[in-house]
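# A look at the structure
Listed here are the chains, written in short residue letters.
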Amino acid sequence: MSDKPEVSSAAPPQPSEKSDAALNARRLLTWAISIATGTVLTAVALILTNIPLDATLFISFVELPFFPLAALPMVLLCFIWVDYFLGTRILPD
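In this text, all values refer to a predicted model and were calculated from it rather than measured experimentally.

Here we take up the pairing of strand β1 (residues 56–59). Residues in a regular strand project their side chains so that they alternate between the two faces of the sheet. The pairing of β1 with strand β2 (residues 62–65) spans four bridges and is antiparallel. Each bridged residue has a counterpart across the sheet, and for Thr56 the counterpart in β2 is Pro65. Connecting β1 to the antiparallel partner β2 that follows it, the hairpin turn spans two residues, and Ser60 within it adopts a positive phi of roughly 60 degrees.

Laid out in structure tokens, this is it:
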């Protein structure tokens, strides 16, 4: 016999997770809520700062509407929080 400690695995095996039947519905709901909330928050922010909702930006030779460009980051920010609170785990922990 030796005096070496016995080697064991770092973590015990996890039981298999149950499949969530409503997970796809919650993920769809997450996208819907975040798109609606982000769009409304962007519209409110533009109205409060007196920027017209039909404003455009000139980027090189292309004229782009400002509202979708401003709404995209707000939608993604709302998506992160809605994903966290609904527990859909679309984004990794």
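Contact pair helix α1 (residues 23–48) / helix α2 (residues 66–86): the axes reach a minimum separation of 7 Å and the direction vectors enclose 135 degrees. Between α1 and α2, the interaxial angle falls into the category oblique. Relative to α2, α1 is oriented so that their crossing is right-handed.

Relative to the helices and strands, Leu77 resides in helix α2. Leu77 sits 40 residues away from Thr37 along the chain, and the two C-alpha atoms are 10.0 Å apart.

Criteria and cut-off values
Along each chain, residue indices are assigned from 1 in the same order as the chain's sequence is written. Residues qualify for local features only when their pLDDT is at least 70, as the model is predicted, and side-chain atom pairs are given and counted only at 80 or more; totals for whole chains, interfaces and linings, by contrast, use all residues. Side-chain figures throughout are based on the complete set of non-hydrogen atoms in the structure, without hydrogens or water. The pairing criterion is simple: DSSP has to find at least two bridges between the two strands. Note on conventions: DSSP H or I runs of at least 4 residues are helices, E runs of at least 2 residues are strands, and numbering of each starts at the N terminus. Here, axes are lines fitted to C-alpha atoms. For helices the fit covers the stretch in contact, and angles between N-to-C directions go from 0 to 180 degrees. Each angle gets one of four labels, with under 35 degrees taken as roughly parallel, over 145 as roughly antiparallel, 65 to 115 as roughly perpendicular, and the rest as oblique. By definition, turning the near helix anticlockwise from the far helix through less than a right angle yields a left-handed crossing, and turning it clockwise yields a right-handed one.

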